[in-house]
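Structure assessment
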Amino acid sequence: MTAEARRAVLGQNQYGKAETRVVRITRSGTTHHIKDLNVSVSLSGAMDDVHLTGSNAHVLTTDATKNTVYAFAREHGIASAEEFGIRLARHFVTSQEPIHSARIRVEEYAWERIGTPDAGEAPHSFVRAGRETRTAEVLYDGEEWEVVSGLEGLVVLNTTDSEFHGYVKDRYTTLPETRDRVLATEVNARWRYAGTDVDWDGAWARARDHLLHAFAGTYSYSLQQTLYAMGARVVERLPEVEEIRLSLPNKHHFLVDLEPFGLKNDNEVYYAADRPYGLIEATVLRDGAQPRLPVHPARP
């Protein structure tokens with residue numbers, strides 16, 4: 001092997017500031033509003049020199065990217081996770097010539113107003129909502145946009161209308177067939193928009209509703225079937241969405257054997273198994289759309 005063949009070359013690279021927590025309070029008189037985000041910035045471009053020679057001439061510091069998040073939250077507010085990500089991505093690509101693309105990942109944590117017995121909802125008191133995390137990812141290369149919204153940790157459960165039977169059986173199969181089971185999962189979903197002319201909050205809420213309605217309304221013979229019904233409903237009901245990818249861990253619920261205690265268990269008492277769990281994943285596309293969501297999304 002020649003020395004030339006052994007020579008190392010620099011491949012894809014990126015840098016930025018990960019997980020900048022920013023909380024924006026908007027005060028409308030005595031009524032306050034809160035946006036709580038976790039923002040990660042990844043920048044790519046003409047960055048060979050910093051890796052190969054140590055020259056920082058093209059480097060916008062990660063500290064500056066963090067400060068930009070805070071400054072933009074103050075100057076522009078946060079209308080939605082997607083809008084905020086678009087604003088940041090545009091700024092980094094258009095303000096710094098060496099930066100050719102920016103990827104912004106956002107997690108949003110929901111807060112709900114605390115209700116009081118005397119005065120209704122408190123105008124400035126909140127409780128952290130114990131539900132899923134909203135996500136957004138924006139990629140901009142100076143010409144094209146890609147906006148992906150999503151949610152993580154949306155736990156759902158059907159107590160009936162789910163069966164599982166007719167599957168392959170080999171010498172290691174011990175799972176009994178069932179005609180009535182608990183079906184539970186944690187919905188982790190990402191969906192890609194066709195453009196940027198979108199009511200981000202409205203589209204996200206409608207996508208979440210469609211996921212829930214499909215889960216509740218599908219008589220399930222497998223979690224795969226339910227997954228497809230959920231993804232198809234989003235794609236078919238939201239014209240702005242071209243592609244959705246779902247990852248559904250099967251949160252198994254097994255009937256407890258109560259016979260040793262002289263008790264009958266008529267689909268009443270279950271134990272929820274923590275692990276191992278089945279993991280069902282798939283992408284659902286609008287007919288004619290090209291798949292662009294990665295199977296395993298990269299983290300910052």
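Summarised in this report is the structure supplied together with it. (Residues numbered from 1 in each chain as written. Predicted model: local features only at pLDDT ≥ 70, side-chain atom pairs only at ≥ 80, totals over all residues. Heavy atoms only, no water.)

1. Side note on the overall build of the protein chain
Put simply, the rule reads: Note on conventions: DSSP H or I runs of at least 4 residues are helices, E runs of at least 2 residues are strands, and numbering of each starts at the N terminus. In this scheme, a residue with accessible area under 20% of its type's maximum is buried, one over 50% is exposed, and one in between is partly exposed, where area comes from a 1.4 Å probe on protein chains only. Any two residues having at least one pair of non-hydrogen atoms within 4.5 Å are treated as being in contact. To be clear on the numbers: accessible area is Shrake-Rupley with a 1.4 Å probe, and residue cover counts the displayed protein chains and nothing else. His is not counted, nor are the chain ends; Lys and Arg add positive charge and Asp and Glu add negative charge. To locate a charge, take atom NZ for lysine, CZ for arginine, CG for aspartate or CD for glutamate.
Each helix and strand in the protein chain was counted, giving six helices and twelve strands. With the C-alpha coordinates of the protein chain rotated into their principal frame, the extents come out at 75 × 75 × 40 Å. Classification of the 300 residues of the protein chain by burial places 40% in the buried group. When contacts within the protein chain are restricted to residue pairs at least 6 apart in sequence, long-range pairs at least 24 apart make up 66% of them. Total accessible area computed for the protein chain in this model is approximately 17,200 Å², and 50% of it derives from carbon and sulfur atoms. Charged side chains of the protein chain number 34 positive and 43 negative; the gap between the two group centres comes to 3 Å.

2. Side note on the pattern of salt bridges
Rule in force here: Any carboxyl oxygen of Asp or Glu within 4 Å of a side-chain nitrogen of Lys or Arg constitutes a salt bridge here.
Counted by the stated rule, this structure contains 17 salt bridges. Here R192 ties to E242 by a salt bridge, and the two come within 3.1 Å at their closest N and O atoms. Here E242 lies in strand 9 (residues 241-250) and R192 lies in strand 8 (residues 183-193), a separation of 50 residues in the sequence. The salt bridge involving R192 is made with E243; its shortest N-O contact spans 2.8 Å. With R192 in strand 8 and E243 in strand 9, the pair connects residues that are 51 residues apart, well separated along the chain. This pair shows no difference in class: R192 is buried, exactly as E243 is. Sharing partners across several salt bridges, the network here consists of K35, E82, E108, R134 and D201.

3. Let's talk about the environment of K66
To be explicit about the condition: Here a polar contact means two N or O atoms within 3.5 Å. Within protein one must be a hydrogen donor candidate and the other an acceptor candidate, and residues neighboring in sequence count only if both atoms are side-chain atoms.
Residue position: K66 is located in helix 3 (residues 62-76). By relative accessible area, which is 24% here, K66 ends up partly exposed. Those residues within four positions of K66 in sequence are excluded, and the remaining contacts are K17 and T20. A polar side-chain atom of K66 sits 2.9 Å from a polar atom in the side chain of D63.

4. What to know about helix 4 (residues 81-95)
This is how the line gets drawn: A helix is expected to span 1.5 Å multiplied by its residue count minus one.
The terminal C-alpha atoms of helix 4 lie 21 Å apart, and with 15 residues this matches the ideal 21 Å at 1.5 Å per residue to within 8%. Inspection of helix 4 places A81, E82, E83, F84, G85, I86, L88, A89, F92 and V93 among the buried residues, and these make up the whole buried set. Buried positions along helix 4 lie against strand 2 (31-45), helix 3, strand 3 (99-109), strand 6 (133-140), strand 7 (145-158) and helix 5 (200-217).

5. Observations concerning helix 6 (residues 223-237)
Here helix 6 contains 15 residues, and its C-alpha end-to-end distance of 21 Å stays within 8% of the 21 Å for a straight helix at 1.5 Å per residue. Of all the residues in helix 6, the buried ones are L223, T226, L227, M230, G231, A232, V234 and V235. Here the buried face of helix 6 lies against strand 8, helix 5, strand 9 and strand 12 (278-285).

6. A look at the packing of aromatic side chains
To be explicit about the condition: For this analysis, a ring pair means two rings from Phe, Tyr or Trp (six-membered ring only for Trp) whose centres lie within 6.5 Å, classed as stacked if their planes differ by under 30 degrees, edge-to-face if by over 60, and tilted for the remaining angles. Either the NZ atom of lysine or the CZ atom of arginine qualifies as a charge over a ring when it sits within 6 Å of the ring centre and within 35 degrees of the ring normal.
According to the stated counting rule, one finds five aromatic pairs in the structure shown. On the numbers, 3.9 Å between centres and 15° between planes, the contact of Y140 with W145 is stacked. For W145, a relative accessible area of 25% corresponds to the partly exposed category. Geometry around Y167 places K169 over its ring, the cationic atom sitting 4.6 Å from the centre.

Purely geometric numbers; function is a separate question.
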